[in-house]
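Topology and contacts: notes
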Amino acid sequence: MTDSLLSSVYRQALEVIGSVEPRIAEATRQELTDQRGSLKLIASENYASPAVLLTMGTWFSDKYAEGTVGHRFYAACQNVDTVESLAAEHARELFGAPYAYVQPHSGIDANLVAFWSILANRVETPYLKKMQAKNVNDLTEADWETLRHEFGNQRLLGMSLDAGGHLTHGFRPNISGKMFHQQQYGTDPETGLLDYAAVAAKAREFKPLVLVAGYSAYPRRVNFAKMREIADEVGAVLMVDMAHFAGLVAGKVFTGEEDPIPYAHITTTTTHKSLRGPRGGMVLAQEEFAADVDRGCPMVLGGPLSHVMAAKAVALAEARQPSFQTYAQAVADNAKSLADGFLKRDARLVTGGTDNHIVLLDVSGFGLTGRQAESALLDAGVVTNRNSIPGDPNGAWYTSGIRLGTPALTTRGFGHDEFDRVSELILEVLTNTQPGTTKAGGPSKASYVVADGVAGRVQAAADELLDKHPLYPGLELS
Ligand code: PLP
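Residues numbered from 1 in each chain as written. Predicted model: local features only at pLDDT ≥ 70, side-chain atom pairs only at ≥ 80, totals over all residues. Heavy atoms only, no water.

**Some thoughts on helix α14 (residues 322-344)**
For an α-helix, the turn length of 3.6 residues means that residues three or four places apart are oriented alike. Using the following cut-off: Secondary structure elements are taken from DSSP: a helix is a run of H or I of four residues or more, a strand is a run of E of two residues or more, and numbering for both begins at the N terminus. One less than the residue count of a helix, multiplied by 1.5 Å, gives the span that helix is expected to have. Three exposure classes are used, based on accessible area relative to the maximum for each residue type with a 1.4 Å probe and protein chains only: buried under 20%, partly exposed in between, and exposed over 50%.
Under the 1.5 Å per step criterion, the end-to-end length of α14 is 33 Å for 23 residues, consistent within 8% with the ideal 33 Å. Taken together, the buried positions of α14 are Phe324, Tyr327, Ala328, Val331, Ala332, Asn334, Ala335, Ser337, Leu338, Ala339, Gly341 and Phe342.

Here's what the structure looks like:
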């Protein structure tokens, strides 16, 4: 699509939207301006292509299609069947997965589908066999009682939140921590690295049904062959949540034992982070779990978002192009440049560096909480998110860390020099920020004071970088 055509498409779309609710059209315009004018370093965000964005704005949004391809509870789903089949085909081909389920609306939904599929496969189905029942309709009330008890009393072992795991990996306040008896594995207190021997020891002692690997804030690669060995030794199902690093798997940066697909029984992902697709989720599975995953709807999902499945197909087709491998490699290389920029300026990083797309900066050395650092950086046009670090004394709300990621700015074309400069700018803000005080005059974990002129100076320097790498170049809304 030519630049002027893209501008005209969006201008007209905003005119149509504005004729109904002008404030939404205005907010949409403003969001583009804001995204264009800031250094987006949130590790879970990216910029989807215009083709992906446009695919989401169609009449597929209006269609109900509960069920699976060719087996729907609604009529007239022939075009949704085409869309879902294509998205699943692209996913299977891209990741080399035997089976792909593209209906989950989000990463959390994908994990719920995976959990219930594992429970169905490993608890419900064997129980039905034991009771010589064909399906759940044949069970008596007493059978149900037993099944409910067995279903809900399984064990899950996942990475702890402060080591970088996700809340759906058994965190107590999340449903995953309530559906399962859960325990967590952490990282080595000295190095911050995953200690496979410690995970194995915990698994031997706890004997989980599900071993979850994957993370939201761990700046290192995982050896999935080792995780599978641990799962096999204790008879667990290995579930890998690659929501964060799916783009690095798709782009063949993570290969061999770092590619989860051949080792995991079930792999879940989001499609909107490093994979650069629409906001959504996906489940990839070995054949043995395919029929159970297919029950995602009605098990935990309602009608699929057909317009988003269509956009997933477009994004996955993009990720199958050779240029996506170049992009993914640049994401990892840029994370190293960012980390090296911090290290040579004496900042402390969790694990001492990175070999994926994430850099976790410990801000306690600046006398700040993550919350203060996040806010001070935002004043200077640097968008990050606070994150706890292993053993964090400030908990999950205030935290002591800042999580940074390279997928978005790499999409804009940032390379080594730009990321080195970004590390310099971040440190300029942090070294010039002091903790503030509470209204009562005590020390505050939230308020902060940035020295005069610093935010403006850093924003101007960021603008220089951003102007060289425009977001959606050629797209003009006015
Ligand atoms: N899994 C991991 C590892 C994540 O990092 C996230 C999101 O941050 C999710 C799952 C949930 O994804 P969503 O926000 O799409 O539900």
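**Details of the site of the ligand**
What counts is decided by this rule: Nearness here has a simple test: a residue counts as near a molecule or strand if at least one of its heavy atoms is within 4 Å of that partner. Polar contact is defined as a pair of N or O atoms within 3.5 Å, subject to the rule that within protein one atom must be able to donate a hydrogen and the other to accept it, and that residues adjacent in sequence are counted only when both atoms are side-chain atoms. Values of accessible area rely on a 1.4 Å probe in the Shrake-Rupley scheme; residue burial ignores everything except the protein chains shown. Lys, Arg, Asp and Glu make up the charged group, whereas Ala, Val, Leu, Ile, Met, Phe, Trp, Tyr, Cys and Pro make up the nonpolar group; the residues left over, Gly among them, are polar.
Close contacts around the ligand come from Ser106, Gly107, Ile108, His166, Tyr215, Ser216, Asp241, Ala243, His244, Thr270, His272 and Lys273, and that covers them all. Separating an oxygen atom of the ligand from a backbone N or O atom of Ile108 is a distance of 2.9 Å. One of the side-chain nitrogen or oxygen atoms of Asp241 is found 2.6 Å away from a nitrogen atom of the ligand. The fraction of the free accessible surface of the ligand (390 Å²) that becomes covered by protein chains is 84%. Class assignment of the residues belonging to the shell around the ligand gives a composition of three nonpolar, seven polar and two charged.

**Some words on the packing of helix α1 (residues 3-20) against helix α2 (residues 22-36)**
Angle between the axes and distance between the axes: these two values describe a pair of packed helices. For clarity, the cut-off: Lines fitted to C-alpha atoms define the axes, with helix axes restricted to the stretch in contact, and inter-axis angles between N-to-C directions lie between 0 and 180 degrees. Between 65 and 115 degrees an angle is taken as roughly perpendicular, under 35 as roughly parallel, over 145 as roughly antiparallel, and anywhere else as oblique. The contact definition used throughout considers only heavy atoms, calling two residues in contact when any of these lie within 4.5 Å.
The contact between α1 and α2 brings their axes to 5 Å, and the two run at 140°. With respect to their mutual orientation, α1 and α2 come out oblique. Listed contacts from α2 to Leu14, Ile17, Gly18 and Val20 of α1 are Pro22, Ile24, Ala25, Thr28 and Arg29. Across the contact of α1 with α2, the residue classes tally to six nonpolar, two polar and one charged.

**A short note on the packing of helix α4 (residues 78-95) against helix α13 (residues 306-319)**
The condition that has to hold: By definition, any crossing whose near helix is turned counterclockwise from its far helix by less than a right angle is left-handed, and any crossing with a clockwise turn is right-handed.
At a minimum axis distance of 8 Å, the contact between α4 and α13 shows a crossing angle of 35°. The interaxial crossing formed by α4 with α13 has left-handed handedness. Taken together, the residues of α13 that come into contact with α4 (itself represented by Val80, Val83, Glu84, Leu86, Ala87, His90, Ala91, Leu94 and Phe95) are Ser306, Met309, Ala310, Ala313, Leu316, Ala317 and Ala319. In terms of residue class, the contact of α4 with α13 is built from 13 nonpolar, two polar and one charged.

**A look at a nonpolar patch on the surface**
Stated precisely, the cut-off is as follows: Exposure above 30% relative accessible area and the lack of any salt bridge qualify a residue for a patch; like charges then connect within 9 Å, and the nonpolar side chains Val, Leu, Ile, Met, Phe, Trp and Tyr within 5 Å. Every case where a carboxyl oxygen of Asp or Glu lies within 4 Å of a side-chain nitrogen of Lys or Arg is listed as a salt bridge.
On the surface, Tyr64, Phe73 and Tyr74 cluster together to form a nonpolar patch covering roughly 360 Å² of accessible area. With respect to the helices and strands, Tyr74 occurs in the loop between β3 (71-72) and α4. The class of Tyr74 is partly exposed, set by a relative accessible area of 37%.

**With respect to unusual backbone geometry**
Glycine aside, residues mostly have negative phi, and peptide bonds are mostly found in the trans state. The residue after Cys297, namely Pro298, is reached through a cis peptide bond having omega 15°. Within the fold, Pro298 resides in helix α12 (residues 296-299). Of note, Gln132 is a non-glycine position whose phi angle comes to about 50°, a positive value. Inspection of the secondary structure puts Gln132 in the loop between α5 (107-130) and α6 (141-151). When its relative accessible area of 76% is taken as the criterion, Gln132 is described as exposed.

**Considerations on the pattern of salt bridges**
Enumeration over the complete set of coordinates arrives at 19 salt bridges. In this structure, Arg72 and Asp81 form a salt bridge, with 2.8 Å as the shortest nitrogen-oxygen distance. Owing to a relative accessible area of 15%, Arg72 belongs among the buried residues under this scheme. For Asp81, a relative accessible area of 17% translates into the label buried. Arg386 is paired through a salt bridge with Glu374; the nearest N and O atoms lie 2.9 Å apart. With Arg386 in strand β14 (residues 385-387) and Glu374 in helix α15 (residues 370-379), this residue pair connects regions lying 12 residues apart in the sequence. The burial state of Arg386 is the same as that of Glu374; both residues are buried. Here the salt bridges share partners, and the residues they tie into one network are Arg72, Asp81 and Glu84.

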